[in-house]
Amino acid sequence: SRAHGGGVRRRGALHPPRLPPSRRRGGAGAARKLWIKGSQIPGPPSSTPFFGRGDLVAACGSGADLSGYLSKLHHKYGPIVRLWLGPTQLLVSVKDTGLINEVLMKAEDKLPLTGKAYQLAFGRSSLFASSFEQVKKGRESLAEYLNAKLDERTNLNLVKVVETILGRVDSIMAKGFLDCRVFAQHIAFYILGATIFGEAFLDWPNSTMYEELLMMVAKDGCFWASCKVPPFWSVGYWRYHLLCAKLKHLTREIVQLYRCNYSTATQDDLKKCTGTQQVGEEIRMESTSLLNNVISGSFIQCDIDGYLCSQEEPCGNILGLMFHGSLAIASLIGGVITRLVLHPELQGKLYSEIIATRKRNSQLETSDVQNMQLLLSTVYESARLLPAGPLLQRCSLEHDLSLKSSITLPAGAILVVPLQLVQMDYSIWGNDACEFNPCRFLSKATGLKDGNSEIHESGKRPFVRDPNKNAAFLPFGSGTRACVGQKFALHSISRVLAYLLQNYEIRLQPGVSGEPKPTMDDCILQLLPSPKIVLKRRTEQ
Ligand code: HEM
């Protein structure tokens, strides 16, 4: 399952997608319809290695074998293939880019297991629910909030984020070693924390415990959610509940801290308003644009209000965002750093690009990362080769979907896009589709195959082609349920990396063995084994 859907580390019972009440009442009738309509889609007979395997949703998460199997099926049956997982469980995989676009636009719901896993771990959430109707409003508010965060004046102090992490890294290094994965996880966690709760999060003494708890809850969430009946008899289940309760308690604590800081900030802003009325208005406006989305009437505000009014409100959106955002950002940053230590020459070129940009502007401005072509293409290329999960998952809970190609996708079917197959398709990406080559995202006009971003003799600077124009580039999904945090994530990741590489050289620790490969672990695809690294502060700049 996807990053935000959580993954299953242990095998658990799979139960069919939860149908809407009207269809559930249909029972056998609905199952018959699913079977009849599903049988019209090309695919193998029901006796496949996956039929009756109760852990198939798990396989969607850890699905190397499923992706491999789907690859063979697509080869044999074409761009759209059905796979029976059980008499009432149908999986349909779509690999052709035209069809993918259509399916991702039309299939508006997520698998019910996704929403259930979030709800079990974090409580009710209007962002990570299964039905599109439930998430529509929350998506819009979040997009508004994140766009405000991208605003120059309201931008997160990433320098402080990185320095906080490096403070932690020092203590980790003193105890032993650091690997790309752990390093990236810390960075992602603090980016998200500081974005949602403000800079106070960076000084919060309980942040380490919060991170550890979040990761522990993330590990097992989907497993417990996949149990048909809550296993009240299991000690593990109650232990999991206890962890979730602790996590919610800590969330409440940081929310309270945030509230206090916000009211102090507002007081300070208002004190500054003792000048002219006009200046006062400006400052008031600024603090409104800065915090309005958080404090008044936004989706997070509902959570916060809920906390304060009834002590039981679970803060589902905040925790859901911390979970999905930090895991997905960590996977991407971890992927980039791994590539950089394995390709030190690329790290050198990125450093030159950063220094050249800084020379032009004396210091790195927030908007400068938009002009760092090699850095951006390195991030895109890492996302292409290492999406957060192997499959995009959707479904349509209520209605059958009729595609232009006259194929009907029955309501309740598990619809998947095998991301790794699409993003490494030779026919789309060329013969080097499986290789790491950031220059594929740079314009041909540059003619600089080695990624050197100096001005070309034609006088033109290389530019990055917008990857979203390529229908086979889907690390953030697409269509009605596409990731709301894409712009924010790409921008924050690029800025953090620019700051980090400007000040530090990241080196591979000697004696590391094993070629890192995309592996599903802790709900997310990661490059494992994760290389051990050393950070060396740069002196000459
Ligand atoms: C590198 C970082 C990230 C990656 C790779 C990523 C990837 C994804 C993907 C693949 C989806 C599902 C899209 C689909 O089904 O079409 C998704 C959904 C979502 N993402 Fe992200 N994401 C990232 C960061 C973030 C951040 C930072 C936020 C917000 C702070 C965020 C918020 C969401 C939300 C709310 C959804 C659910 C949308 C829905 O179900 O309607 N993501 N993300």
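Residues numbered from 1 in each chain as written. Predicted model: local features only at pLDDT ≥ 70, side-chain atom pairs only at ≥ 80, totals over all residues.

**Some points on the sheet that holds strand β7 (residues 414-418)**
Spatially, β1-β2-β7-β4 is the arrangement adopted by the 4 strands of the open sheet, whose pairing is mixed. Strands at the two margins of the open sheet, each flanked by one partner only, are β1 (80-86) and β4 (391-394). Neighbour to neighbour, the strand axes of the sheet diverge by 25° on average, direction disregarded. Sheet topology places β1 next to strand β2 (residues 89-94); 6 bridges connect them, and they run antiparallel. For Leu 83, the partnering residue across the bridge sits in β2 and is Leu 91. Those strands touched by helix α5 (residues 97-106) are β1, β2, β4 and β7, and its axis lies near 130° from that of β2. (Pairing = 2+ DSSP bridges. Helix = DSSP H or I, 4+ residues; strand = E, 2+ residues; numbered from the N terminus. Axes fitted to C-alpha atoms, helices over the stretch in contact; angles between N-to-C directions. Contact = placed C-beta atoms within 7 Å.)

**A closer look at the nonpolar core**
Counting residues in hydrophobic clusters, the biggest one holds 132 residues, and the most contacted among them are Ile 329, Ile 333 and Leu 415. For this core, the element with the most residues is helix α15 (residues 316-342), which contributes 15 residues. Counting contributing residues per domain, this core is built from domain 1 (21-107 + 391-420) and domain 2 (134-388 + 426-471 + 475-537), each supplying no fewer than three. Residues within four places of Ile 329 in sequence aside, it is in contact with Ala 188, Ile 191, Leu 192, Ala 489 and Ile 493. (Core = buried A, V, L, I, M, F, W, Y, C linked by C-beta atoms within 7 Å. Buried ≥ 20, exposed ≤ 12 C-beta atoms within 10 Å, placed from the backbone. Domains from an automatic or database assignment.)

**Structural notes on the pairing of strand β9 (residues 517-521)**
One ladder, built from 5 bridges, connects β9 with strand β10 (residues 524-528); its direction is antiparallel. Bridge assignment links Thr 519 to a residue of β10, and that residue is Gln 526. As consecutive antiparallel partners, β9 and β10 are separated by 2 residues, and within that stretch Asp 522 has a phi angle of approximately 50°, a positive value.

**Regarding the domain arrangement of the protein chain**
When its domains are assigned, the protein chain resolves into domain 1 (21-107 + 391-420) and domain 2 (134-388 + 426-471 + 475-537). Contacts between domain 1 and domain 2 engage 13 residues on the former and 11 residues on the latter. Taken together, the elements giving at least two residues each to the side of domain 1 that touches domain 2 come down to α3 (56-61), α5, β4 and α18 (419-423). Of the residues forming the side of domain 1 that touches domain 2, the biggest block, 5 residues, is contributed by α5.

**Examining the packing of α15 against helix α20 (residues 486-503)**
Two elements in contact, α15 and α20, have axes separated by 11 Å at closest approach and are oriented at 40°. Taken as axis vectors, α15 and α20 run oblique relative to one another. Relative to α20, the crossing made by α15 is right-handed. In contact with Ile 329, Leu 332, Ile 333 and Val 336 of α15, α20 contributes Ala 489, Ile 493 and Leu 497. Of the residues that constitute the contact of α15 with α20, the class distribution is 7 nonpolar, no polar and no charged. (Parallel < 35°, antiparallel > 145°, perpendicular 65-115°, else oblique. Left-handed = near helix turned anticlockwise from the far one by under 90°. Nonpolar A, V, L, I, M, F, W, Y, C, P; charged D, E, K, R; others polar.)

**Let's talk about the site of the ligand**
As a matter of local geometry, the ligand sits amid 29 residues, with Gly 325, Ala 328, Gly 477, Cys 483 and Gly 485 nearest to it. Counting residues per element, the shell around the ligand draws most heavily on α15, which supplies 6 residues. The class makeup of the residues in the shell around the ligand is 18 nonpolar, 7 polar and 4 charged. (Near = placed C-beta within 6 Å.)

**What about the environment of Ile 41?**
If you trace the backbone, Ile 41 turns up in the loop between α2 (28-39) and α3. Among the residues examined, Ile 41 registers 19 C-beta atoms within 10 Å and is labelled partly exposed. Those residues in contact with Ile 41, other than ones at most four positions away along the chain, are Ile 80, Arg 82, Val 92 and Ile 407.

**What about the packing of helix α17 (residues 373-385) against α20?**
In contact at an axis separation of 10 Å, α17 and α20 are set at 120° when each is read in the N-to-C sense. Regarding the angle of α17 to α20, the classification is oblique. Both α17 and α20 take part in a crossing whose hand is right-handed. Taken together, the residues of α20 that come into contact with α17 (itself represented by Leu 375, Leu 376 and Val 379) are Leu 490, Ile 493, Ser 494, Leu 497 and Ala 498. For the contact of α17 with α20, the per-class residue count stands at 7 nonpolar, 1 polar and no charged.

**Digging into helix α9 (residues 180-197)**
Along its 18 residues, α9 runs 25 Å from first to last C-alpha, staying within 8% of the 26 Å computed at 1.5 Å per residue. Positive backbone phi, at 85°, marks Gly 198, one or two positions downstream of α9. (Expected span 1.5 Å × (residues − 1).)

**Section: the confidence of the model for the protein chain**
Mean pLDDT over the protein chain works out to 78, with 75% of the residues at or above the 70 mark. Counted against residues more than four places away or in other chains, residues 307-314, with its pLDDT under 50, gives 10 contacts. For the stretch residues 445-458, pLDDT sits under 50, and the model shows 21 contacts to residues farther than four places along the chain or on other chains. Our summary of model confidence lists the complex with pTM equal to 0.85 and ipTM equal to 0.98. (pLDDT = per-residue confidence, 0-100.)

**Some remarks on the UniProt feature "binding site: heme" (unreviewed entry) in the protein chain**
Here the UniProt feature "binding site: heme" (unreviewed entry) sits at Cys 483. Topologically, Cys 483 is positioned in the loop between α19 (426-429) and α20. (UniProt positions renumbered as here; feature names shortened; annotations may be inferred.)

**Quick notes on α2**
Spanning 12 residues, α2 covers 16 Å between terminal C-alpha atoms, matching the ideal 16 Å at 1.5 Å per step. Taken residue by residue, α2 has Ala 30, Leu 34 and Gly 38 as its buried positions. All buried residues of α2 project into a common sector of 60° when viewed along the axis, lining one side. For α2, the exposed residues set more than 90 degrees away from the buried face come down to Ala 28, Gly 29 and Ile 36. (Arc of directions from axis to C-beta.)

**Here we look at the sheet that holds strand β3 (residues 178-179)**
With respect to topology, 3 strands assemble into an open sheet ordered β3-β11-β8, the strand pairing being antiparallel. The open sheet has two edge strands, β3 and β8 (504-508), and neither has a second partner. Across 5 bridges, the pairing between β8 and strand β11 (residues 532-537) is antiparallel. Paired with Ile 506 across the two strands is Leu 535, which belongs to β11. Sheet strands in contact with α15 are β8 and β11, and its direction is about 75° off that of β8.

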